[in-house]
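Below are the chains, spelled out letter by letter.
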Amino acid sequence: MGFLILANAFLGLAIALLYYPESPLYLFAGIKLEELWLWSKYQAFIASLLFIFALLSVDTNIKGKELARSLSAFTATLQGLLNVFPAAMYLFFLHGATSAQLTLRGSTISITSRELVFHLLIMIISWSSATWLVFSAKNKSLAMRVQSVDTKSFIGEGI
């Protein structure tokens, strides 16, 4: 569970670095957009929360692990939602092509289908890991309830 949360955190950090204007990995070197800067700060905040939850998931207390599981499922869902808008924008501007040139504020930037695929991949990974975190907790609690019912029935029958 901790590795899955940590993987989501690293993916969120990678996205934040791609869109933060002062980052060496910044995609649009010719232009600095304040909207991208703000969006990358949100993405970095989500990634930092996931790092904290990954540390909390290795707690020896079961309540800490369950808290990390539930909060990281919510945060991973938010991470996936944060990538819906960029993916939709890339899809809109690419029009089915592999690359496009956009002119914003006098500067030309190029976008490729790799960024679209990357955002779609982040969405799929985030939402599938959030789903796994939620359903693994439900399956674990269901198995514990079934086990306790089986134990009670055997004890009651005198076996």
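All values derive from a computational prediction rather than experimental measurement. (Residues numbered from 1 in each chain as written. Predicted model: local features only at pLDDT ≥ 70, side-chain atom pairs only at ≥ 80, totals over all residues. Heavy atoms only, no water.)

A. Spatial organisation of the pairing of strand β1 (residues 99–104). Pairing between β1 and strand β2 (residues 107–112): six bridges, direction antiparallel. Counted as the bridge partner of S99 is T112 from β2. Hairpin connection, β1 to β2: the antiparallel pair is bridged by two residues, and R105 has positive phi, about 55°. (Pairing = 2+ DSSP bridges. Helix = DSSP H or I, 4+ residues; strand = E, 2+ residues; numbered from the N terminus.)

B. Layout of the packing of aromatic side chains. Under the criterion given, the structure shown has five aromatic pairs. Where Y26 meets F28, the ring centres are 6.2 Å apart and the plane angle is 85°; that geometry is what we call edge-to-face. Each member of the pair, Y26 as well as F28, is classed as buried. Where F92 meets F93, the ring centres are 5.2 Å apart and the plane angle is 70°; that geometry is what we call edge-to-face. Relative accessible area serves as the criterion here: at 52%, F92 is assigned to the exposed category. Ring-pair connections join several aromatic residues into one group, and the members of that group are Y19, Y26, F28 and W39. (Phe/Tyr/Trp six-rings, centres within 6.5 Å; stacked < 30°, edge-to-face > 60°. Buried < 20%, exposed > 50% of the residue type's maximum accessible area, 1.4 Å probe, protein only.)

C. Broad picture of the side chain of E115. Structurally, E115 can be placed in helix α5 (residues 113–157). Buried charged residue E115 carries no salt bridge. Nearest counter-charge: R114, at 5.2 Å. Leaving out residues up to four positions away in the same chain, E115 has contacts with Y19, L27 and Y90. (Lys, Arg positive; Asp, Glu negative; His and termini not counted. Salt bridge = Lys/Arg side-chain N within 4 Å of Asp/Glu carboxyl O. Contact = heavy atoms within 4.5 Å.)

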